[in-house]
Amino acid sequence: MSASFLEIVELPSGEIVLRRSDEENAEPLVTMSFSQELLDFLQGDQVEVAKAMLDACIEEVGRKTEADAGEYIPENRVLH
């Protein structure tokens, strides 16, 4: 994934999306929608909940990326 700034936006439809901020009509990277029951319970805090969910996701992706980097074995290595 290219290094660009990301933004969390609540669309007029009520969906919350994570998208690149430098691309006007880019397809969202993540789309979230909450049921009416949950929206009623959250009382307008759905964007904060979405931010927390996305933070956890990004943290987990970072951990996976670090773990995968440690497992890299070059093809031209010499075993003795």
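Residues numbered from 1 in each chain as written. Predicted model: local features only at pLDDT ≥ 70, side-chain atom pairs only at ≥ 80, totals over all residues. Heavy atoms only, no water.

### So, the confidence of the model for the chain
At step 1: Averaged over all residues, the pLDDT of the chain equals 84, while 81% of them reach at least 70.
At step 2: Helix H1 (residues 36–42) holds the highest mean pLDDT among the elements of the chain, 96, whereas helix H2 (residues 46–70) holds the lowest, 86. (pLDDT = per-residue confidence, 0-100. Helix = DSSP H or I, 4+ residues; strand = E, 2+ residues; numbered from the N terminus.)

### Remarks on the side chain of glutamine 46
At step 1: Positionally, glutamine 46 belongs in helix H2.
At step 2: Here glutamine 46 falls in the buried class, since its relative accessible area comes to 12%.
At step 3: With residues up to four places along the chain from it excluded, the contact list for glutamine 46 reads Glu10, Ile16, Phe34 and Leu39. (Buried < 20%, exposed > 50% of the residue type's maximum accessible area, 1.4 Å probe, protein only. Contact = heavy atoms within 4.5 Å.)

### Points about the pairing of strand S2 (residues 16–20)
At step 1: Burial analysis of S2 places four of its five residues in the buried class, the great majority of the element.
At step 2: As judged from the five bridges shared by strand S1 (residues 6–10) and S2, these two strands associate in the antiparallel manner. From the neighbouring strand, leucine 6 faces S2, where its bridge partner is arginine 20.
At step 3: Here S1 folds back onto S2 in antiparallel fashion, the turn holding five residues, of which glycine 14 has a positive phi close to 95°.
At step 4: Examined bridge by bridge, S2 and strand S3 (residues 30–32) share three bridges and lie antiparallel to one another. Each bridged residue has a counterpart across the sheet, and for leucine 18 the counterpart in S3 is valine 30. (Pairing = 2+ DSSP bridges.)

### Thoughts on the sheet that holds S2
At step 1: One open sheet holds the three strands; their spatial order is S1-S2-S3, and the pairing between them is antiparallel. Looking at strand neighbours, the two that pair on one side only are S1 and S3, the edges of this open sheet. Strand after strand, the sheet turns through a mean of 20° between neighbouring axes, direction not considered. (Axes fitted to C-alpha atoms, helices over the stretch in contact; angles between N-to-C directions.)

### As for the nonpolar core
At step 1: In this structure, Ile16, Leu18, Met32, Phe34, Ala50 and Leu54 together form the largest nonpolar core, which totals six residues.
At step 2: Listing elements by their share of this core, those giving two or more residues are S2 and H2.
At step 3: Setting aside its immediate chain neighbours within four residues, isoleucine 16 contacts Ile8, Val9, Glu10, Val30, Thr31, Met32, Phe34, Gln46, Val47 and Ala50. (Core = buried A, V, L, I, M, F, W, Y, C linked by side-chain atoms within 4.5 Å.)

### As for the pattern of salt bridges
Two side chains that carry opposite charge are able to pair once their charged atoms sit near each other.
At step 1: Under the counting rule described, the total for this entry stands at four salt bridges.
At step 2: Measuring nitrogen to oxygen at the nearest pair gives 3.2 Å for the salt bridge that ties glutamate 59 to arginine 63. Of the two residues, glutamate 59 and arginine 63 both sit in helix H2, four residues apart, roughly one turn of that helix.
At step 3: Judged by relative accessible area, which is 48%, glutamate 59 ranks as partly exposed.
At step 4: Residues joined by salt bridges that share partners form a network here, namely Glu59, Glu60 and Arg63. (Salt bridge = Lys/Arg side-chain N within 4 Å of Asp/Glu carboxyl O.)

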